[in-house]
Amino acid sequence: MAEEIIVVQGTGTLKGEVRVSGAKNSALKLIAAALLGQGRCVLHNVPQISDIDVMSNVLRRLGATVERQDHTLVVDTAAVDSYETPYELVSKMRASISVLGPLIGRFGRAHVAMPGGCQIGARKIDMHLLGLEKLGVHFDVKHGDLVAVAENGLHGAYITLDFPSVGATENLLMASVVAEGETTIDNAAREPEIVDLCNMLNEMGANVVGGGSSTITVQGVPLNTMHPCEHTTVGDRIEAGTFLAGGALTGGPLTVKGIDPSFLRMAIVKLESLGCQVDTAADSITVSRTEPLRATDIQTLPHPGFPTDLQAQFMLLTSLAQGNSVITENVFENRFMFAAELMRMGADITIDDHHALVCGVSALQGAPVSSTDLRAGAALVLAGIVAEGETVVRGLEHIDRGYENYVGKLAALGASLERKTIG
């Protein structure tokens, strides 16, 4: 059976300029939000990645038309007449659970298959359901499907999340904008992608205040006052952080364009503590390094803390730093699967529960490795760029979920790598 691989020659070169795509984790939810517009939404700066294709197909199955023109997606939900999402699509990607909120908002009911996605932990959806129940939704699980019904309509409520879950905050936002009365979401997620969603919902006629803070207040409006809009997706901070890690790894200088530096404050702090120089402008970040990498400790936390989606890339940096670093993963329990692959390349890492002790080594060696999840796959390609000899990376379906033209962008920065089909 044919398989695609990336073959990387370790040249240690990455420098120049790269423009990031639109944020995967924002665009997916904006597509779901278009269900509330009941018409033709135009979304700009949408990345060309497989996760977007899956979400587009989810909406098509609901009755929408979704057309792509380069990086613009036209999503027309006027003819949506179904509130049931099929398992074969939802099982491919966890983010498809984000149609739950807008479907309930639009129809007062939803049948959504239980989600799938990366193997990086349980990531249960309890907080989504508990919050939606406070808005008047009743849930049953039948044959692997979540069956949601708001028999008496949606009503505002005061909701406190146990943890600032991005997915739960998004689903609650998309349901509450058409709930009767006021909804407060306390301990809400503060990610830039949440702000992007709040902005689009407001452009569609919603009344949302506080996006980006820990307390979001929503004044519900009638569904028939919601309308389509035209919206531009924010830049992808995780793609930006991945390229910045690559620049830090090889010394750069490497400039990432199309990103608001405020999205990556904690990552910038850690790059500086690793011994890098970081310069920011309104829409770009430049990293360079002339001294050896220094050990530093990192712990992942919800935004504005250090993002779990950059943990693998920074574990790679610490693996080549002088001294010992401790990385603590507080968000997803299986994110350290990447460490075993990096150790195949000569890294010295000891895992103890949700802590990783990384003892810096002088060099990595090329080896055959496999992506364990989306971000690990991207980090393994970077590892190959600085390793001695040749690295072969398998499991490209993970990388394709979140990085548009990853090989092409790295090649344009000077890396020696190619994508090929074998078998």
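Just so we're clear, the structure is a prediction, and the values are computed from it rather than from any experiment. (Residues numbered from 1 in each chain as written. Predicted model: local features only at pLDDT ≥ 70, side-chain atom pairs only at ≥ 80, totals over all residues. Heavy atoms only, no water.)

So, the overall build of the protein
Logical step 1: On a plain count of helices and strands, the protein comes out with 14 helices and 24 strands.
Logical step 2: Compactness check: the protein gives a C-alpha radius of gyration of 21 Å against a globular reference of 22 Å for 423 residues, within 12% of the reference.
Logical step 3: For the C-alpha atoms alone, the extent of the protein along its principal axes is close to 65 × 45 × 40 Å.
Logical step 4: Looking at the protein as a whole, 58% of its 423 residues qualify as buried.
Logical step 5: Taking the average location of the 31 positive side-chain charges in the protein and that of its 48 negative ones, the two points are 2 Å from each other. (Helix = DSSP H or I, 4+ residues; strand = E, 2+ residues; numbered from the N terminus. Rg over C-alpha atoms; globule rule 2.2 N^0.38 Å. Buried < 20%, exposed > 50% of the residue type's maximum accessible area, 1.4 Å probe, protein only. Lys, Arg positive; Asp, Glu negative; His and termini not counted. Charge placed at Lys NZ, Arg CZ, Asp CG, Glu CD.)

Things to note about unusual backbone geometry
Logical step 1: Residue Pro253 is reached from Gly252 by a cis peptide bond, and omega for that bond is 0°.
Logical step 2: Along the chain, Pro253 falls in the loop between α8 (237-250) and β15 (254-257).
Logical step 3: Across the junction of His303 and Pro304, the peptide omega takes the value 15°, indicating a cis bond.
Logical step 4: Note that Pro304 resides in the loop between β18 (298-299) and α10 (311-319).
Logical step 5: Not every positive phi belongs to a glycine, and Asn45 is a case in point at roughly 60°.
Logical step 6: Of note, Asn45 is situated in the loop between β3 (40-44) and α2 (50-62).
Logical step 7: Under the relative-accessibility criterion, Asn45 is labelled partly exposed at 27%.
Logical step 8: With phi around 60°, Asn187 is a residue other than glycine that occupies positive phi space.
Logical step 9: Mapping Asn187 onto the fold places it in the loop between β11 (182-186) and α7 (192-203).

Concerning the sheet that holds strand β5 (residues 72-76)
Logical step 1: Judged by pairing direction, the sheet is mixed, and its four strands sit side by side in the order β4-β5-β3-β14 without closing on themselves. Every interior strand has two partners, whereas the edge strands, β4 (65-69) and β14 (230-232), have only one. Strand after strand, the sheet turns through a mean of 15° between neighbouring axes, direction not considered.
Logical step 2: Alignment of β3 against β14, held across three bridges, turns out to be parallel. Opposite Val42, over in β14, you have Glu230 as the bridge partner.
Logical step 3: In this fold α2 packs onto β4 and β5, with an angle of close to 150° to the strand it touches most, β4. (Pairing = 2+ DSSP bridges. Axes fitted to C-alpha atoms, helices over the stretch in contact; angles between N-to-C directions. Contact = heavy atoms within 4.5 Å.)

Re the pairing of β5
Every regular strand shows the same layout, with side chains that alternate between the two sheet faces.
Logical step 1: Across the five residues that make up β5, a large majority, four, are buried.
Logical step 2: Strand direction decides the pairing type here: β3 and β5, joined by four bridges, are antiparallel. Looking at the pairing, Val42 lines up with Val74 of β5.
Logical step 3: Where β4 folds back on β5, the antiparallel hairpin that results is connected by two residues, among which Asp70 adopts a positive phi of roughly 60°.

A few points about the pattern of salt bridges
Logical step 1: Applying the stated criterion across every chain, the model contains 13 salt bridges.
Logical step 2: Ionic pairing is found between Lys409 and Glu239, a salt bridge with its closest N-O pair at 2.7 Å. Taken as a pair, Lys409 in helix α14 (residues 406-412) and Glu239 in helix α8 lie far apart in primary sequence, 170 residues in all. Both residues of the pair, Lys409 and Glu239, count as buried.
Logical step 3: Two residues, Asp400 and Arg419, come together in a salt bridge whose shortest N-O distance is 2.7 Å. Note that Asp400 is positioned in helix α13 (residues 396-402) and Arg419 in strand β24 (residues 416-422), a separation of 19 residues in sequence.
Logical step 4: Classification of Asp400 by relative accessible area gives partly exposed; the value is 24%.
Logical step 5: Counted as one network, the salt bridges with shared partners bring together Glu4, Asp400 and Arg419. (Salt bridge = Lys/Arg side-chain N within 4 Å of Asp/Glu carboxyl O.)

With respect to the confidence of the model for the protein
Logical step 1: In the predicted model, the protein carries a mean pLDDT of 94, and 98% of its residues have values of at least 70.
Logical step 2: Taken together, the stretch residues 116-122 has pLDDT below 50 and engages in 24 contacts with residues farther than four places along the chain or on a different chain. (pLDDT = per-residue confidence, 0-100.)

A closer look at the packing of α8 against helix α12 (residues 374-386)
Logical step 1: With their axes 10 Å apart at the nearest point, α8 and α12 run at an angle of 20° to one another. The orientation of α8 relative to α12 falls into the category roughly parallel. Like other packed secondary-structure pairs, α8 and α12 cross with a definite hand, here right-handed. Together, Ile238, Thr242, Ala245, Gly246, Leu249 and Thr250 of α8 and Arg375, Ala378, Leu382, Ile385 and Val386 of α12 make up the contact between the two elements.
Logical step 2: Across the contact of α8 with α12, the residue classes break down as seven nonpolar, three polar and one charged. (Parallel < 35°, antiparallel > 145°, perpendicular 65-115°, else oblique. Left-handed = near helix turned anticlockwise from the far one by under 90°. Nonpolar A, V, L, I, M, F, W, Y, C, P; charged D, E, K, R; others polar.)

Considering the packing of aromatic side chains
Logical step 1: Per the stated rule, a full pass over the model turns up four aromatic pairs.
Logical step 2: Relative to Tyr406, the ring of Phe243 has its centre 5.9 Å away and its plane inclined at 50°; by these criteria the two rings are tilted. Of this pair, Phe243 sits in helix α8 while Tyr406 sits in helix α14, and the two are 163 residues apart along the sequence.
Logical step 3: With 5.0 Å between their ring centres and 80° between their planes, Phe306 and Phe314 make a pair best called edge-to-face. The pair formed by Phe306 and Phe314 is uniform in burial state, with each residue classed as buried.
Logical step 4: Taken together, the ring pairs in this structure connect Phe243, Tyr403 and Tyr406 into an aromatic cluster. (Phe/Tyr/Trp six-rings, centres within 6.5 Å; stacked < 30°, edge-to-face > 60°.)

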